[in-house]
Amino acid sequence: MGDIRRVLVVGGGVGGLTAAATFARRGMETVLIERRPAFDIPGIGLGQPANALRVYDTLGVLDQILDTGFSYNEMWLFDRDRRLIVEHKFQMGDDRVPAFCALSRLQLHEILLGAAQRAGAEIRLGTTVSEIHEEKDRVHVVFSTGKRETFDLVAGFDGIRSQFRQHLYGTAFVPRPSGYGAWRVQVPRPDCVRGMEFLQGIGGKTGAMPLSNDVMYLFHIRPEAVGANFAGQDYLQLFRDRLAQYGSYVREILASLTADSDIVYSPIEPMMLPWPWSRGRVVIGGDAAHTVSPHLTQGAAMAAEDAYVLVREVLNDDVPVEDRLVRYAMKRYPRCAFVYTFSGQWLLDEQSVRSEEDLEAARIELTANASARIGASDRLLDGPI
Ligand SMILES: Cc1cc2nc3c(=O)[nH]c(=O)nc-3n(C[C@H](O)[C@H](O)[C@H](O)COP(=O)(O)OP(=O)(O)OC[C@H]3O[C@@H](n4cnc5c(N)ncnc54)[C@H](O)[C@@H]3O)c2cc1C
């Protein structure tokens with residue numbers, strides 16, 4: 001038996017669930033804690049690219065994901081009246097995995113939770129960490145329940161407001177507001193929406209991602225005031241005002257929304273942590289280490305990849321544990337930094353369209369270059385991890 005036998009994973013999102021399932025499948029005694037009292041995360045969707053689907057395949061849940069979600073191999077860029085600018089065939093995937101499969105976040109979490117439980121991971125809900133005490137070859141943890149336990153490794157996949165990033169870095173390297181925000185709502189899927197699509201507007205961009213044969217989510221990205229705190233009862237009117245310039249099915253959807261429609265707003269707060277992502281035997285991954293704007297739909301995919309690579313590297317006990325954890329972050333940094341940079345630049349480019357003239361210039365630029373640009377990203381992210 002190696003020097004890692006008992007692992008604590010903090011956070012029950014895509015990263016933490018993938019890490020817990022992977023550690024447990026490798027025979028580690030694995031405990032996952034999640035601060036929410038239930039796995040009831042709201043049902044907005046996640047596009048999962050081929051690179052993430054391959055990680056889920058190692059957990060034996062690929063077929064379940066493909067059966068649940070909506071697979072697609074193309075994306076489309078339109079203008080705001082849904083006149084085609086570019087059709088892009090993704091250069092990702094193979095005989096086994098499509099370029100993308102999108103599904104509700106809740107369903108993906110439930111599938112990964114099942115994988116973790118079947119592998120033997122112990123799941124504790126409504127639990128956080130109150131204290132961490134590090135020794136050379138172990139970590140003592142006091143839980144919010146008052147219970148004290150000792151682990152060989154603690155992996156913090158605790159999201160954008162990570163307690164464990166703060167444990168490692170203090171208040172440095174926290175995600176900062178970009179000045180842009182994302183609005184989303186789940187709605188019935190019109191037949192014409194057959195994959196991810198973007199509608200370039202003036203002063204913002206909207207788009208759709210199918211999550212199943214029946215539903216999709218409509219999203220909108222635009223400048224929003226830093227710290228904006230919208231009142232729930234205003235969401236419907238704010239959403240309608242913001243999308244008023246768009247035609248086609250967007251107009252019909254806006255008319256069909258009601259005060260009960262579950263419209264969600266999230267500020268976009270990118271952050272890329274330099275490595276190492278660890279100290280001693282405490283390590284982080286997923287949004288705790290990097291948050292990206294959603295343009296490549298790779299945020300959760302990077303969290304899943306982090307989990308897979310962390311387990312592979314840390315259980316390969318050729319050098320001391322601390323060195324393996326540094327090696328993990330060094331291996332992960334280039335891919336995550338690529339997604340961070342590419343997505344961030346895409347955000348700035350699309351949001352710089354502020355007039356009819358800009359829109360015409362964007363149409364010419366996208367027609368000439370968008371597919372080649374996205375194709376280069378596809379090939380890189382489709383490569384080995
Ligand atoms: C608008 C938008 C659209 C997106 N679309 C996509 C997409 O299509 N595809 C994609 O791949 N990614 C997408 N992303 C990114 C994706 O949502 C994140 O990158 C992903 O959820 C990160 O997973 P994670 O496990 O690292 O963190 P999270 O999903 O945030 O999970 C962290 C978990 O830890 C728990 N937690 C936090 N603190 C503690 C604590 N102290 N103790 C115990 N538990 C704790 C939280 O409750 C949570 O359950 C999108 C993001 C946004 C904002």
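The structure this text deals with has already been given above.
Residues numbered from 1 in each chain as written. Predicted model: local features only at pLDDT ≥ 70, side-chain atom pairs only at ≥ 80, totals over all residues. Heavy atoms only, no water.

**Student:** I would appreciate a short explanation of the packing of helix 9 (residues 321–351) against helix 10 (residues 356–381) in the present structure.
**Tutor:** Helix-helix packing is characterised by the crossing angle of the two axes and by the distance between the axes. Two numbers describe how helix 9 lies on helix 10: the axes approach to 11 Å, and their chain directions differ by 160°. As the angle between them shows, helix 9 and helix 10 are arranged roughly antiparallel. In this structure, helix 9 meets helix 10 at a crossing whose hand is left-handed. For the pair formed by helix 9 and helix 10, the contact residues are Arg 335, Phe 338, Val 339, Phe 342 and Trp 346 on the first element and Arg 373, Ile 374, Ser 377, Leu 380 and Leu 381 on the second. Across the contact of helix 9 with helix 10, the residue classes break down as seven nonpolar, one polar and two charged. (Axes fitted to C-alpha atoms, helices over the stretch in contact; angles between N-to-C directions. Helix = DSSP H or I, 4+ residues; strand = E, 2+ residues; numbered from the N terminus. Parallel < 35°, antiparallel > 145°, perpendicular 65-115°, else oblique. Left-handed = near helix turned anticlockwise from the far one by under 90°. Contact = heavy atoms within 4.5 Å. Nonpolar A, V, L, I, M, F, W, Y, C, P; charged D, E, K, R; others polar.)

**Student:** Explain the sheet that holds strand 16 (residues 215–223) here, please?
**Tutor:** Within a sheet, each strand pairs with its neighbour through backbone hydrogen bonds, oriented either parallel or antiparallel. On the basis of which strands lie adjacent, the open sheet formed by seven strands has the order 6-5-14-15-16-13-17 and mixed pairing. At either end of the open sheet lies a strand with only one pairing partner, and these are strand 6 (84–89) and strand 17 (264–268). Strand-to-strand, the axes of this sheet are offset by a mean angle of 20°, without reference to chain direction. Across the face of the sheet, helix 9 comes into contact with strand 5 (74–79), strand 13 (180–188), strand 14 (196–200), strand 15 (205–210), strand 16 and strand 17 while running at roughly 75° to strand 16. (Pairing = 2+ DSSP bridges.)

**Student:** What's the story with the site of the ligand in this structure? I'm lost.
**Tutor:** Close to the ligand lie 33 residues; Gly 15, Glu 34, Gly 47, Arg 105 and Asp 287 are nearest. In this structure, a nitrogen atom belonging to the ligand sits 3.1 Å away from a main-chain N or O atom of Arg 35. Within the complex, 89% of the 1000 Å² of free accessible area of the ligand lies under protein. Contributing elements (two or more residues each) for the shell around the ligand: helix 1 (14–25), strand 2 (29–34), strand 3 (45–49), strand 13 and helix 8 (299–314). Ranked by residue count, the leading element in the shell around the ligand is helix 8, at four residues. (Near = heavy atom within 4 Å. Polar contact = N/O pair within 3.5 Å; in protein donor to acceptor, adjacent residues only side chain to side chain. Areas by Shrake-Rupley, 256 points an atom, 1.4 Å probe, with all protein chains shown as cover.)

Without other data, these values stay purely geometric and don't point to any function.
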